[in-house]
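A structural walkthrough
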Amino acid sequence: MYHNNVPSYFISHQIRILNPLNIRLFEKGSEHFNEFFFKRFQEIIVPDYKTDDFSGKLSHDLGRIDEKKLHYVGVLSDFNKKKMKKDIDYFISISGPEPQRSILEKKIRSQINDLTGSIVMTLGKTEDQHQDLSDNIKTYSFLSKEQREGLLNRSKMVISRSGYSTILDLAVIGCKALMIPTPGQIEQEYLAEYHMGKNTCHAVDQGDLDLSTDVTSVKKTKGFNAKKSVEDAVENVMNIISV
């Protein structure tokens, strides 16, 4: 939202809109639309770095956007890195719209016993509040922000969708990940491919998931790591809007 009489700022990582056929002409058209849309705002704030970035072509190498209005402030996340014992081998976060959420849950449940070690799985089902415990697998229907932050900090590896906010959360905490994009969600599919190409994560299509093989590939990746803290990014934002 913006107001003609109040300074307004647009915060997003998606400055370029991707299309399912990867047609460059359509992407240029989206940049023209965004160029017109962004004129209403004082500044454009991107939660990413200008170099060694996390969003790739979603917010970089832009042809139409005025770079003087574009500010890369660093990573923004609700979470913070904490000094905690890494005693969870796999943190599995199942999310996304139905029916894909349930399809992924069913697939992971059928393979989860192929993993060894301590496992925590969250189902992303806010309507349920129970938790199911076994010897080495804890399954939660839903986690609060505080619970999720603590579990992520304790985890050696995360298995999740490849949404941008998830990527920033993992970068802040510093974690290796197996990313499974939601089928049909173009941005998630692009981000998974982009970061697999950078060797920051291992990614696999939902239909090809083989947990025992894929987690081995994850161990060879660099993992997600933010160069600076969330506090630094927030300070950058405040410096922009307080001018």
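Coordinates for the structure precede this section.
Computed from a predicted structure; not experimentally measured. (Residues numbered from 1 in each chain as written. Predicted model: local features only at pLDDT ≥ 70, side-chain atom pairs only at ≥ 80, totals over all residues. Heavy atoms only, no water.)

So, on to the pairing of strand β4 (residues 90-93). Here β4 shows a buried face lined by Y90 and I92 and a second buried face lined by F91 and S93. Here β4 pairs with strand β5 (residues 119-122) via 4 bridges, running parallel. Each residue of the ladder has a partner; that of Y90, found in β5, is I119. This β-α-β element, β4 to helix α2 (residues 100-111) to β5, shows right-handed connectivity. Pairing between β4 and strand β8 (residues 157-160): 2 bridges, direction parallel. (Buried < 20%, exposed > 50% of the residue type's maximum accessible area, 1.4 Å probe, protein only. Helix = DSSP H or I, 4+ residues; strand = E, 2+ residues; numbered from the N terminus. Pairing = 2+ DSSP bridges. Right-handed = clockwise from strand over helix to strand, strands pointing away.)

For the structure on display, the rule yields 3 aromatic pairs. Look at Y49 and F54: their rings are 6.0 Å apart centre to centre, the planes differ by 45°, and that puts the pair in the tilted class. Both residues of the pair, Y49 and F54, belong to the buried class. For the cation-ring pair, K227 lies above Y49, with the distance from its terminal atom to the ring centre recorded as 4.3 Å. (Phe/Tyr/Trp six-rings, centres within 6.5 Å; stacked < 30°, edge-to-face > 60°. Lys NZ or Arg CZ within 6 Å of the ring centre and 35° of its normal.)

Quick look at the environment of R16 now. With respect to the secondary-structure elements, R16 resides in the loop between β1 (9-11) and α1 (24-38). With a relative accessible area of 2%, R16 lands in the buried category. The sequence separation of R16 and L58 amounts to 42 residues, and the corresponding C-alpha distance is 4.9 Å.

Among all positions of helix α6 (residues 211-218), only L211, D214, V215 and V218 are buried. With its buried residues spanning 100° around the axis, α6 presents them on a single face. Looking at the packing, one finds that the buried side of α6 touches β4, α2, β8, β9 (176-179) and β10 (202-203). (Arc of directions from axis to C-beta. Contact = heavy atoms within 4.5 Å.)

On to helix α7 (residues 230-241), then. Along its 12 residues, α7 runs 17 Å from first to last C-alpha, staying within 8% of the 16 Å computed at 1.5 Å per residue. Listed as buried for α7 are V230, A233, V237 and I240. What you see down the axis of α7 is that its buried residues fit within an arc of 85°, all on one side. Those residues of α7 hidden inside the fold are in contact with β1, β2 (43-46), β3 (70-72) and α4 (164-173). (Expected span 1.5 Å × (residues − 1).)

As a further point, take the pattern of salt bridges. Overall, the coordinates contain 7 salt bridges when judged by the stated rule. Of the charged contacts in the structure, one is a salt bridge between E149 and K82, with a shortest N-O distance of 3.2 Å. Within this pair, whereas E149 is found in helix α3 (residues 145-154), its partner K82 is found in the loop between β3 and β4, the two being separated by 67 residues in sequence. Judged by relative accessible area, E149 falls into the buried class, the value being 6%. Where R101 meets E98, a salt bridge forms, and the shortest distance between an N and an O atom there is 2.8 Å. Judged by relative accessible area, R101 falls into the buried class, the value being 5%. Residues participating in the shared-partner salt-bridge network are E98, R101, E105 and R109. (Salt bridge = Lys/Arg side-chain N within 4 Å of Asp/Glu carboxyl O.)

Nothing here speaks to function; it is all geometry.
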